[in-house]
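The lines below spell out each chain.
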Amino acid sequence: MFLGVSVSSILVIAFIGYNSGKAALTRRIFNQLTSLRTTQSYEVRSFFDQLNRQIRFLSENPTTKEAMKGFQQAHQDLRTQNIPRPWQQAIQSYYQKSFIQPLDANINGQPQVQTYLPLGNSDVYLQYHYTIKTPDFDQKVKIDDPGDGSKYTQVHRQYHPAFRSLVSEFTYEDLFLIDPKSGKVVYSAYKGVDFSTDLESGPYSQSILAQAFREVFRKGEPKSVIFTDFEPYRPSLNQPAAIIASPLFEGGELIGVLALQVNINKIDEVMTNGQRWQDMGLGKSGETYLVGPDFLLRS
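Residues numbered from 1 in each chain as written. Predicted model: local features only at pLDDT ≥ 70, side-chain atom pairs only at ≥ 80, totals over all residues. Heavy atoms only, no water.

> Is there a simple way to explain the overall build of the protein in this structure?
Looking only at helices and strands, the protein has 9 helices and 6 strands in total. The C-alpha radius of gyration computed for the protein amounts to 26 Å, which surpasses the reference 19 Å derived for 299 residues by more than 25%, pointing to a less compact arrangement than a globule. Considered along the principal axes of its C-alpha atoms, the protein spans approximately 105 × 45 × 30 Å. Expressed as a percentage of its 299 residues, the buried residues of the protein come to 45%. Sequence separation of 24 or more characterises 57% of the internal contacts of the protein that already satisfy a separation of 6 or more. Working note: accessible area of the protein is about 16,200 Å², and carbon and sulfur atoms make up 53% of it. Each charge sign in the protein was given a centre, from 30 positive and 30 negative side chains, and these centres are 4 Å apart. (Helix = DSSP H or I, 4+ residues; strand = E, 2+ residues; numbered from the N terminus. Rg over C-alpha atoms; globule rule 2.2 N^0.38 Å. Buried < 20%, exposed > 50% of the residue type's maximum accessible area, 1.4 Å probe, protein only. Contact = heavy atoms within 4.5 Å. Areas by Shrake-Rupley, 256 points an atom, 1.4 Å probe, with all protein chains shown as cover. Lys, Arg positive; Asp, Glu negative; His and termini not counted. Charge placed at Lys NZ, Arg CZ, Asp CG, Glu CD.)

Next up, the structure:
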């Protein structure tokens, strides 16, 4: 009887202790996760608030507006530029090797090179002198003067070094200046295949860049800022991208749209604390992710 009572008492005490310890441990873990969620939420909001402040500053900067007007006029001047056939052949060869083949591995279906080729004289001219010089974007962005002697290159030589420093310092994927009248991307820091394309009727008219441009144009409000969600972006070989855009106003008139392509790696750094999991209290295997309302990962 004594043995039975003792064993029963020990089992009851052990059961109560186990449940109490489990509940305390569970509460502690959930409290830790709730605290971590709050901290990460604040960090992500701070990151996007910083983007908001940066693009507002840039869109109100007189230098950005002067650059917009300069690129806009220089781009229009190239509409009557003669385009030799070898230039078109060189562009088609570049697209086939450096864009269509890598893109084919990232999308469903078979992309056709004719769908993406530039059509207007100014588009062909600028992509020939800037885009197809090298398939390496890190080298492409270093080009200040391709040596063509055009008015566009004079403007580019004046403003591109500052824009290049900006995208490098703040690690943007790209910076765009868009003509609100024609929908043309008259400037791109990295000169990808979206450079000098028509966002109204061109191959990327349904892209997130075009969506951001149209939303800014629709709002027509000074100092407004438009964010897009992350979506596959074909000029980036269908990799996820997000755009933040703001209008350029001068004298009450919309003279352009400034757009920045957000670097998704920066959001990953915020969410992972630079991949220092243990510093965040997640041990060696814990991870944090952003998940959108569509239940798809954003980081």
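Now that the structure is up, let's keep going.
> What's the story with helix 7 (residues 151-169) in this structure? I'm lost.
It helps to recall that an α-helix has 3.6 residues per turn; residues three or four apart then point in one direction. For helix 7, built from 19 residues, the straight-helix expectation of 27 Å at 1.5 Å per residue is met to within 8% by its first-to-last C-alpha distance of 28 Å. Within helix 7 the residues assigned to the buried category are Tyr152, Thr153, Val155, His156, Tyr159, His160, Phe163, Leu166 and Val167. Elements that come into contact with the buried residues of helix 7 comprise helix 1 (2-60), helix 2 (62-77), helix 5 (121-131), strand 1 (174-178) and strand 2 (185-188). (Expected span 1.5 Å × (residues − 1).)

> When you look at the pairing of strand 6 (residues 253-262) in this model, what are you seeing that I'm missing?
On a regular strand, each side chain points to the face opposite its neighbour's, so the side chains alternate between the two faces of the sheet. In terms of burial, strand 6 is a largely internal element, 9 of the 10 residues being buried. Pairing analysis gives 5 bridges linking strand 1 to strand 6, with the strands arranged antiparallel. Of the residues in strand 6, the one forming a bridge with Leu177 is Leu258. In the sheet, strand 5 (residues 239-250) pairs with strand 6 via 9 bridges, with the strands oriented antiparallel. (Pairing = 2+ DSSP bridges.)

> Mind showing me how you'd approach the packing of helix 1 against helix 9 (residues 264-272) here?
Helix-helix packing is described using two parameters, namely the angle between the two axes and the distance between the axes. For the pair helix 1 and helix 9, the least separation of the axes is 9 Å and the interaxial angle reads 155 degrees. Judged on the interaxial angle alone, helix 9 and helix 1 are roughly antiparallel. As for how helix 1 packs across helix 9, the hand of that crossing is right-handed. Within the contact between the two elements, helix 1 uses Gln40, Glu43, Val44, Phe47 and Phe48 and helix 9 uses Lys266, Ile267, Val270, Met271 and Thr272. (Axes fitted to C-alpha atoms, helices over the stretch in contact; angles between N-to-C directions. Parallel < 35°, antiparallel > 145°, perpendicular 65-115°, else oblique. Left-handed = near helix turned anticlockwise from the far one by under 90°.)

> Explain the packing of helix 2 against helix 7 here, please?
Packing of helix 2 against helix 7 leaves a shortest axis separation of 9 Å and a crossing angle of 150 degrees. As far as their axial angle goes, helix 7 and helix 2 are roughly antiparallel. The crossing of helix 2 and helix 7 is left-handed. Packed against helix 2, whose contacting residues are Thr63, Thr64, Glu66, Ala67, Gly70, Phe71, Ala74, His75 and Asp77, the element helix 7 presents Lys151, Tyr152, Val155, His156, Tyr159 and Phe163 at the interface. Of the residues that constitute the contact of helix 2 with helix 7, the class distribution is 7 nonpolar, 5 polar and 3 charged. (Nonpolar A, V, L, I, M, F, W, Y, C, P; charged D, E, K, R; others polar.)

> Quick question: what am I supposed to make of unusual backbone geometry here?
Of all residues except glycine, most have a negative phi; of all peptide bonds, most are trans. With a phi close to 70 degrees, Lys223 is a non-glycine residue in the positive phi region. By the element assignment, Lys223 lies in the loop between helix 8 (208-219) and strand 3 (226-227). In the Ramachandran plot, Leu237 falls in the positive-phi region, its phi being about 60 degrees despite a non-glycine side chain. Relative to the elements of secondary structure, Leu237 occurs in the loop between strand 4 (231-233) and strand 5.

> I keep staring at a nonpolar patch on the surface and nothing clicks. Help me out?
Together, Leu25, Ile29, Phe30 and Leu33 line one region of the surface with nonpolar side chains, adding up to about 370 Å² of accessible area. Counting through the fold element by element, Leu25 comes out in helix 1. In this structure Leu25 comes out as partly exposed when scored by relative accessible area, which is 42%. (Patch = residues over 30% accessible without salt bridge, like charges linked within 9 Å, V, L, I, M, F, W, Y side chains within 5 Å. Salt bridge = Lys/Arg side-chain N within 4 Å of Asp/Glu carboxyl O.)

> Looking at this structure, I do not really get the pattern of salt bridges. What am I missing?
Two side chains carrying opposite charge are able to pair once their charged atoms lie near each other. Inspection of the entire model under this criterion finds 8 salt bridges. Taking the shortest distance from any N to any O, the salt bridge between Asp144 and Arg164 comes out at 2.6 Å. On the criterion of sequence distance, the pair formed by Asp144 in the loop between helix 6 (137-140) and helix 7 and Arg164 in helix 7 is long-range, its members being 20 residues apart. Of the residues examined, Asp144 reaches a relative accessible area of 24% and is grouped as partly exposed. Salt bridges linked by common partners bring Glu66, Lys69 and Glu250 together as one network.

> Could you clarify how one ought to interpret the nonpolar core in this entry?
Soluble, globular proteins show a tendency: their nonpolar side chains are buried together. Of all hydrophobic cores here, the largest spans 57 residues; its most connected members are Phe71, Tyr95, Tyr152, Leu175 and Leu177. Tallying contributions element by element places helix 3 (residues 85-104) first for this core, with 7 residues. Setting aside residues no more than four positions away along its own chain, Phe71 makes contact with Tyr152, Val155, His156, Tyr159, Phe163, Leu177, Val186 and Tyr187. Formed by 17 residues, the second largest nonpolar core is a distinct cluster that contains Val185, Phe213, Ile243 and Ala259. (Core = buried A, V, L, I, M, F, W, Y, C linked by side-chain atoms within 4.5 Å.)

> When you look at helix 2 in this model, what are you seeing that I'm missing?
In this model helix 2 runs 23 Å from its N-terminal to its C-terminal C-alpha over 16 residues, within 8% of the 22 Å that 1.5 Å per residue would give. Those residues of helix 2 not exposed but buried are Thr64, Lys65, Ala67, Met68, Gly70, Phe71, Gln72, Ala74 and His75. A side-chain oxygen of the first residue of helix 2 lies 2.8 Å from the backbone nitrogen of Thr63; this N-cap is Asn61. (Polar contact = N/O pair within 3.5 Å; in protein donor to acceptor, adjacent residues only side chain to side chain.)

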